[in-house]
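A closer look at the structure
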Amino acid sequence: MSGFSRTGIHLSIEYLSFIALSVVNAIDFSGYPDCTPAFFKAAADAGCMTMMTAYGSVDSVSVTTSHKWLTEILKEELGFDGFLVTDWENFRSLYRGQKVAANMDEACIMGIEAGNDMSMNSPEFFDSLCKAAKEGKISMDRIDDAVYRILHVKKRLGILEVNTPEKLSKEI
């Protein structure tokens, strides 16, 4: 992985890592420190900037709603400082397919509080997020952390730099 980051390719771990965990769902992860998946640690150490939560589950808990895996392990223990994005319409899947939430409002609260920083294409997600924040069901600290992580990655990628005509002409 570090070879990729040295070439300027910015890493994103999608599907694979969480699908791999889903395949071993029958394993008891209570002894987590002794069986940390090496690819999570390697990805965090290599500067991986995003990870996608996909639709899998670990220990019968949807990864998208797992505070343990997303926040406690990835962000806190492994030091992942990028952002977590859901799979396509994954918040909607939490109540329509996976049946772990009653509706989008509940799916939004569960997923954001677990540690997801961005939702990928769940159209009603934004309204549910605003409603939950206004009602105090999602803390502003959590929203601030998600915004910080997303902007931090954009800054690292140079996306926030202002490209004036003068600057662009020098680069060409």
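Refer to the preceding data block for the structure.
A brief look at the structure comes next. (Residues numbered from 1 in each chain as written. Predicted model: local features only at pLDDT ≥ 70, side-chain atom pairs only at ≥ 80, totals over all residues. Heavy atoms only, no water.)

1. A look at the environment of M118
Mapped onto the elements, M118 comes out in strand β6 (residues 118-120). Remark: the alpha-carbon pair of M118 and I150, spanning 32 residues in sequence, is separated by 8.0 Å. With residues near it in sequence (within four places) discarded, M118 still touches F83, L84, V85, T86 and I150. (Helix = DSSP H or I, 4+ residues; strand = E, 2+ residues; numbered from the N terminus. Contact = heavy atoms within 4.5 Å.)

2. What about the layout of surface pockets?
There is about 200 Å³ of room inside the largest pocket. Lining the largest pocket are 14 residues, with D117, L129, A146, V147 and I150 positioned closest to its centre. Elements supplying a minimum of two residues to the lining of the largest pocket: β6, α7 (125-134) and α8 (140-157). At seven residues, the largest contribution of residues to the lining of the largest pocket is made by α8. Per-class residue counts for the lining of the largest pocket are nine nonpolar, two polar and three charged. (1 Å grid on protein atoms, 1.4 Å probe; cavity = no way out; pocket = protein on both sides within 12 Å on 5 of 7 lines; lining within 4 Å. Points joined across faces, edges and corners; volume = space filled by probe spheres on them. Nonpolar A, V, L, I, M, F, W, Y, C, P; charged D, E, K, R; others polar.)

3. A look at the nonpolar core
Of all hydrophobic cores here, the largest spans 15 residues; its most connected members are F40, M51, L70, L74, F80 and L84. When residues of this core are traced back to their parent elements, those giving at least two are α3 (38-45) and α4 (67-77). The residues contacting L84, other than those within four sequence positions of it, are M51, L70, L74, K75, G115, N116, D117 and M118. (Core = buried A, V, L, I, M, F, W, Y, C linked by side-chain atoms within 4.5 Å. Buried < 20%, exposed > 50% of the residue type's maximum accessible area, 1.4 Å probe, protein only.)

4. Quick look at a nonpolar patch on the surface
Where nonpolar side chains cluster on the molecular surface, the patch consists of V147, L151, L157, I159 and L160 and spans about 420 Å² of accessible area. In this fold, L151 is placed in helix α8. When its relative accessible area of 41% is taken as the criterion, L151 is described as partly exposed. (Patch = residues over 30% accessible without salt bridge, like charges linked within 9 Å, V, L, I, M, F, W, Y side chains within 5 Å. Areas by Shrake-Rupley, 256 points an atom, 1.4 Å probe, with all protein chains shown as cover. Salt bridge = Lys/Arg side-chain N within 4 Å of Asp/Glu carboxyl O.)

5. Focus on the pattern of salt bridges
Using the criterion set out here, one finds nine salt bridges in the structure. Across the pair D145 and R142 runs a salt bridge whose closest N-O atoms are separated by 3.0 Å. You can see D145 and its partner R142 sitting in helix α8, three residues apart, about one turn around the helix. Note that R149 is salt-bridged to D145, the shortest N-O span being 3.1 Å. Remark: D145 and R149 occur in helix α8; sequence separation between them is four residues, near one turn of the helix. Judged by relative accessible area, R149 falls into the buried class, the value being 10%.

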